[in-house]
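Structure at a glance
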Amino acid sequence: MNKGVISVLSALVGAATGAGVVGKVSNEKTQKMKSMSDKHLALFLLMNQWVKVKQEGKNLSSYFEKNGYKRIAVYGMSFAGETLIDELKNSAIEVVYGIDKRANSLYADVDIVSIEDSLEDVDAVIVTAITFFDEIEEKLSDKLDCPIISLEDILCEV
């Protein structure tokens, strides 16, 4: 009878431990999915604002011209970064380079460098990354002496 009790208790402890591990893994996956969902919602809202700007007949190059930014860098070479470079192609604004942590694995119409690389002086850096603007701004401020501006802010100001 003693062996039976130990077996039952061992099975219960094993089941409880297994349930705890499964719950933790499930919670981590849920948090990661929520984070990605929040990021994509923010990207959707940014791009939606951009569409509204375009529907009003406005162009982002006017913002840069008004502020005297002729040579810029773009931080974040995903959807918003590529779209910004495309919009500025036939304007007086020169996108000197892009900055992205995946610099070695990306292709674009401009040179792409990592934030750890030496960064050429520009009039402004436009951050297209939706999340972590404050951290990105802090890292860039240590390397460059120019305004670091969120694309979101530009779209609201145009």
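First things first, this report covers the structure right here in the doc. Everything numeric here is computed off the predicted structure, so don't read it as measured data.

Following the sequence through the fold, lysine 101 ends up in the loop between β2 (94-99) and β3 (111-113). Considering only alpha carbons, one finds lysine 101 and isoleucine 115, 14 residues apart in sequence, at a separation of 6.8 Å.

Tallied over the entire structure, the rule returns 9 salt bridges. Here glutamate 120 makes a salt bridge to arginine 71, at a shortest N to O gap of 2.8 Å. Separated by 49 residues along the polypeptide, glutamate 120 in the loop between β3 and β4 (124-127) and arginine 71 in strand β1 (residues 71-75) bring together distant segments of the chain. What makes glutamate 120 partly exposed here is its relative accessible area of 42%. The exposure class of arginine 71 is partly exposed, given its relative accessible area of 27%. Between lysine 89 and aspartate 86 there is a salt bridge whose closest N-O contact spans 3.2 Å.

On to the environment of asparagine 104, then. Position of asparagine 104 relative to the elements: it lies in the loop between β2 and β3. The class of asparagine 104 is exposed, set by a relative accessible area of 85%. Remark: the alpha-carbon pair of asparagine 104 and glycine 68, spanning 36 residues in sequence, is separated by 31 Å.

By the criterion of burial, β2 is predominantly enclosed, with 5 of the 6 residues buried. Crossover handedness for the path β1 to helix α3 (residues 79-88) to β2: right-handed. As paired elements, β2 and β3 share 3 bridges and run parallel to each other. Counterpart to isoleucine 99 in the pairing with β3 is valine 113.

Let's shift gears to the sheet that holds β4. Judged by pairing direction, the sheet is parallel, and its 5 strands sit side by side in the order β3-β2-β1-β4-β5 without closing on themselves. Either end of the sheet is taken by a strand with one partner, and the two such strands are β3 and β5 (148-150). Across the sheet, the mean angle separating the axes of adjacent strands is 30° when strand polarity is ignored. Contacting β1, β2 and β4, α3 runs over the sheet at an angle of about 160° to β1. Against the sheet, helix α4 (residues 133-143) makes contact with β1, β2, β4 and β5, and its axis sits at roughly 160° relative to β5, the strand it touches most.

What follows is about the nonpolar core. Core analysis: the biggest nonpolar cluster contains 29 residues, and Leu60, Phe64, Ile72, Leu84, Ile126, Leu151 and Ile154 have the highest contact counts within it. Put simply, the parts of the chain that give this core at least two residues each are α1 (2-55), α2 (61-66), β1, α3, β4 and α5 (151-157). Apart from residues lying up to four places away in sequence, leucine 151 is in contact with Leu46, Trp50, Leu60, Ala80, Ile126, Val127 and Thr128. Membership of the second largest hydrophobic core comes to 16 residues, among which are Ile99, Val125, Leu140 and Cys146.

The rules behind the values
- Throughout this description, residue numbers start from 1 for each chain and increase along the sequence as written.
- The predicted origin of the model limits local features to residues at a pLDDT of at least 70 and limits the giving and counting of side-chain atom pairs to 80 or more, whereas totals for whole chains, interfaces and linings rest on all residues.
- Here the side-chain values reflect all heavy atoms present in the structure, with hydrogen atoms and water set aside.
- Elements are defined by DSSP. Helices are runs of H or I of four residues or more, strands are runs of E of two residues or more, and each kind is numbered from the N terminus.
- A pairing counts as a salt bridge when a side-chain nitrogen of Lys or Arg comes within 4 Å of a carboxyl oxygen of Asp or Glu.
- When a residue's accessible area, from a 1.4 Å probe over protein chains only, is under 20% of the maximum for its type it is buried; when over 50% it is exposed; and in between it is partly exposed.
- Handedness is read with the strands pointing away from the viewer; a crossover is right-handed when the path from the first strand over the helix to the second is clockwise.
- Pairing between two strands is assigned when DSSP locates at least 2 bridges connecting them.
- In this description, a line fitted to the C-alpha atoms serves as the axis of each element, helices being fitted only across the stretch in contact, and the angle between N-to-C directions of two axes falls anywhere from 0 to 180 degrees.
- Contact definition: two residues touch when any of their heavy atoms are within 4.5 Å.
- Buried residues of nine kinds, namely Ala, Val, Leu, Ile, Met, Phe, Trp, Tyr and Cys, make up a nonpolar core once their side-chain atoms join them within 4.5 Å.

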